[in-house]
Amino acid sequence: MSNITVCARFRPLSSKERRDHGDAVCIQYVDSETFIFKDEKAEELTFSFDRVFYDKSEQIDVYRHLAQPIVRDALNAVNGTIITFGQTGAGKTYSMEGPGVLECDAVKKGLLSRVVEGIFECTKSSDETSKYSIKLSMVEIYMEKVRDLFDLSRDNIQIKETKTQGIMLNGMMEMTIKDPQEALLTLSKGIANRAVGETQMNIASSRSHCVYMFTIQQESTKDKRARTGKLNLVDLAGSEKVEKTGAEGRVLEEAKTINKSLSALGNVINALTCGPMGRGNHIPYRDSKLTRILQDALGGNSRTALLCCCSPSPTNSSETLSTLRFGARAKHIKASPRVANEDRCIRELEVFTPIKRESRDKLLNELQENLDIEHVQKLEELFIQEGILFDPCSIEESELAYEDVTSQTISSLQLALEELLSTIGELKKENEELMGRVSAAKLNHQPISNSNLLPTISSILCLFTDWLKSFFHFSINHYN
Ligand SMILES: Nc1ncnc2c1ncn2[C@@H]1O[C@H](COP(=O)(O)OP(=O)(O)OP(=O)(O)O)[C@@H](O)[C@H]1O
């Protein structure tokens, strides 16, 4: 088992920050892995990561340390995930896309363009018995809905899990890409669709998490075996302090949803790094779409790298500190990447595809002949087969939906329990104080008013009632 790779990147000070406080920064260089961070009270904290990229670092350095080894492994069917995380305006999109994926200055090209080039370079230099096919998909998670950026009509894609392929997005578009130019053009179309959302549907690009997915299939002409590696690049929406931005209405709702999904990510990381190992430890992957999509990347079968993007400005030190703490915690996650989907015979795939196609064509022919209720039902069946519709009768689907509810209930019970424990702690303290006062009053022969005790008793009752409510809610969901 290896740890996930965690790097920190500090962008240069912005012109506004320079105007506000000159060259002052909240970090001090130690070496390429360590730096000293000064918090709001000027206390010094030392942080070490796999690599630290300071303000003068080049985009290529980030690619070489963070992404290149993962790209190489993906070409050998080991799944990989690269995540950019950090406060709004800290440089996540700059690191991921650069100033743009098309016609960009060669030095400023971001991870995406370099990953595309890396993939095609590896395919070219591989031996002649390997044949590669590369597919690209792009989705964004906005207000807890997964939207296909290559087909905007698919705006609520369902997440599924299978034993053989892990987490999958149902009915998502996959674009075949043949060369780097085609890949960049396709990527730029998807990115433009985020921008279209911004103007036409009021979806600002940075208010959503964006996931770029490369599927790399390698077929051996020698032994007819196929294996697939999935490479995900994730540009997370920026975390922000709602009170600092003064957000209202829709923007406030967006910020709350983003913060909720990022804290779900934090909870998953906490559960992976703090809890007991083994089956007893509940990992709340199902608490948000983001954690569900990243389930394989976090603690699963994936090589994962996290880039913690930070502002070096002292005015952002509290947000920078929480980004760094998040990264430091993530560093303890153990991953066990292994070759994925190996040994799947091409013959096996060949048998599957025509049968599926045949049954689909048969259904369509029948529909063309006579469209009545029975055939409409068959059309529905086709949609279910193709993953466009949810099948309420499917045992697998029902089980997944049931698991979602159970998992969310366990998480909320855990949360309630944590709150209960912390309140018990506070009450104990309060109680000790009261006991102290009682003893002091006894010594001084003063009468004690019992009014102080009432709030304590009533808060215990409230807590107990809340806990009972949660318990019944869980039981109802459980037995339904
Ligand atoms: N390493 C860097 N070098 C030069 N400029 C940078 C760097 N990182 C970020 N910037 C600049 O800082 C600004 C904010 O960066 P960016 O848009 O990438 O932030 P973000 O974290 O993606 O924000 P949001 O979460 O709001 O999308 C941009 O103008 C970008 O060009």
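Rules of the game
- Residues numbered from 1 in each chain as written.
- Predicted model: local features only at pLDDT ≥ 70, side-chain atom pairs only at ≥ 80, totals over all residues.
- Heavy atoms only, no water.
- Pairing = 2+ DSSP bridges.
- Helix = DSSP H or I, 4+ residues; strand = E, 2+ residues; numbered from the N terminus.
- Axes fitted to C-alpha atoms, helices over the stretch in contact; angles between N-to-C directions.
- Left-handed = near helix turned anticlockwise from the far one by under 90°.
- Contact = heavy atoms within 4.5 Å.
- Nonpolar A, V, L, I, M, F, W, Y, C, P; charged D, E, K, R; others polar.
- Salt bridge = Lys/Arg side-chain N within 4 Å of Asp/Glu carboxyl O.
- Core = buried A, V, L, I, M, F, W, Y, C linked by side-chain atoms within 4.5 Å.
- Buried < 20%, exposed > 50% of the residue type's maximum accessible area, 1.4 Å probe, protein only.
- Expected span 1.5 Å × (residues − 1).
- Near = heavy atom within 4 Å.
- Polar contact = N/O pair within 3.5 Å; in protein donor to acceptor, adjacent residues only side chain to side chain.
- Areas by Shrake-Rupley, 256 points an atom, 1.4 Å probe, with all protein chains shown as cover.
- pLDDT = per-residue confidence, 0-100.
- Parallel < 35°, antiparallel > 145°, perpendicular 65-115°, else oblique.

### Topic: the sheet that holds strand β4 (residues 34-38)
Sheet strands pair via backbone hydrogen bonds, and the direction of the pair is either parallel or antiparallel.
Then comes step 1: Ordered in space as β3-β4-β5, the three strands form an open sheet in which the pairing is antiparallel. Every other strand in the sheet has two partners, leaving β3 (27-29) and β5 (44-48) as the edge strands with one partner each. Going across the sheet, the axis of each strand differs from the next one's by a mean of 30°, ignoring polarity.
Then comes step 2: Where β4 and β5 come together, five bridges link them in antiparallel fashion. The residue bridging F35 from the neighbouring strand is F47, located in β5.

### Concerning the packing of helix α7 (residues 249-274) against helix α9 (residues 317-330)
Then comes step 1: As a packed pair, α7 and α9 sit with axes 9 Å apart at the nearest point and diverge in direction by 35°. Once α7 is placed against α9, the crossing between them reads as left-handed. Contacts from L265, G266, I269, N270, T273 and C274 of α7 reach α9 at F326, R329 and A330.
Then comes step 2: Taken together, the residues that form the contact of α7 with α9 break down as five nonpolar, three polar and one charged.

### A short note on the pattern of salt bridges
Then comes step 1: Counted under the stated rule, the structure contains 13 salt bridges.
Then comes step 2: Between R18 and D23 there is a salt bridge; the shortest N-O distance is 2.6 Å.
Then comes step 3: A salt bridge links E219 to K131; the nearest nitrogen and oxygen atoms lie 3.9 Å apart. Placement of E219 in strand β13 (residues 209-220) and of K131 in strand β8 (residues 130-142) is noted, with a sequence separation of 88 residues between them.
Then comes step 4: Among the charged side chains, a network of salt bridges with common partners joins E140, R147 and R194.

### Quick notes on the nonpolar core
Note on soluble globular proteins: their nonpolar side chains tend to be buried together.
Then comes step 1: Grouped together as the largest cluster of nonpolar side chains are 48 residues, with contacts concentrated most on F35, L169, L265 and L324.
Then comes step 2: Element by element, the count of residues in this core is highest for α7, at seven residues.
Then comes step 3: Residues within four places of L265 in sequence aside, it is in contact with L236, L290, T291, L294, L298 and F326.
Then comes step 4: If you look at the next biggest cluster of nonpolar residues, it comprises 39 residues, including I70, L149, C210 and I216.

### Digging into helix α4 (residues 111-125)
Then comes step 1: Its 15 residues place the ends of α4 21 Å apart at the C-alpha level, agreeing with the 21 Å of an ideal helix rising 1.5 Å per residue.
Then comes step 2: Buried within α4 are the following residues: L111, L112, S113, R114, V115, V116, G118, I119, F120 and T123.

### So, the site of the ligand
Then comes step 1: Around the ligand sit 13 residues, and of these G89, K92, T93, Y94 and S206 come closest.
Then comes step 2: Contacts to the ligand include T93, whose side-chain N or O atom sits 2.8 Å from an oxygen atom.
Then comes step 3: The fraction of the free accessible surface of the ligand (630 Å²) that becomes covered by protein chains is 67%.
Then comes step 4: It is helix α3 (residues 92-97) that contributes the most residues to the shell around the ligand, three residues altogether.
Then comes step 5: Its residues placed into classes, the shell around the ligand shows three nonpolar, seven polar and three charged.

### A word on the confidence of the model for the protein
Then comes step 1: Here the protein shows a mean pLDDT of 79. Residues at 70 or above account for 72%.
Then comes step 2: In the model of the protein, strand β17 (residues 344-345) stands out as the element of lowest mean pLDDT, 42, in contrast to strand β6 (residues 51-53), which has the highest, 97.
Then comes step 3: Across residues 343-354, where pLDDT falls below 50, the model places 15 contacts with residues more than four positions away in sequence or in other chains.
Then comes step 4: Overall fold confidence (pTM) sits at 0.73, and the ipTM for the predicted complex is 0.98.

### Re the packing of helix α2 (residues 59-74) against α4
Then comes step 1: Contact pair α2 / α4: the axes reach a minimum separation of 10 Å and the direction vectors enclose 45°. Taken together, α2 and α4 sit at an angle that is classed as oblique. Crossing of α2 against α4: the hand is right-handed. Contacts between α2 and α4 pair Q59, I60, V62, Y63, L66, A67, V71 and R72 from the former with L111, R114, V115, G118, I119 and C122 from the latter.
Then comes step 2: The residue inventory of the contact of α2 with α4, partitioned by class, reads ten nonpolar, two polar and two charged.

### A short note on the pairing of strand β14 (residues 225-235)
Then comes step 1: In terms of burial, β14 is a largely internal element, eight of the eleven residues being buried.
Then comes step 2: Of the pairings in the sheet, the one linking strand β7 (residues 80-86) to β14 comprises five bridges and is parallel in character. By the bridge assignment for β14, I83 is matched with V234.
Then comes step 3: Both β13 and β14 contribute to a ladder of ten bridges, which runs antiparallel. Bridge pairing in β14 places Y212 opposite L233.
Then comes step 4: Linking two consecutive strands that pair antiparallel, namely β13 and β14, is a turn of four residues; a positive phi of about 60° is found at K224 within it.

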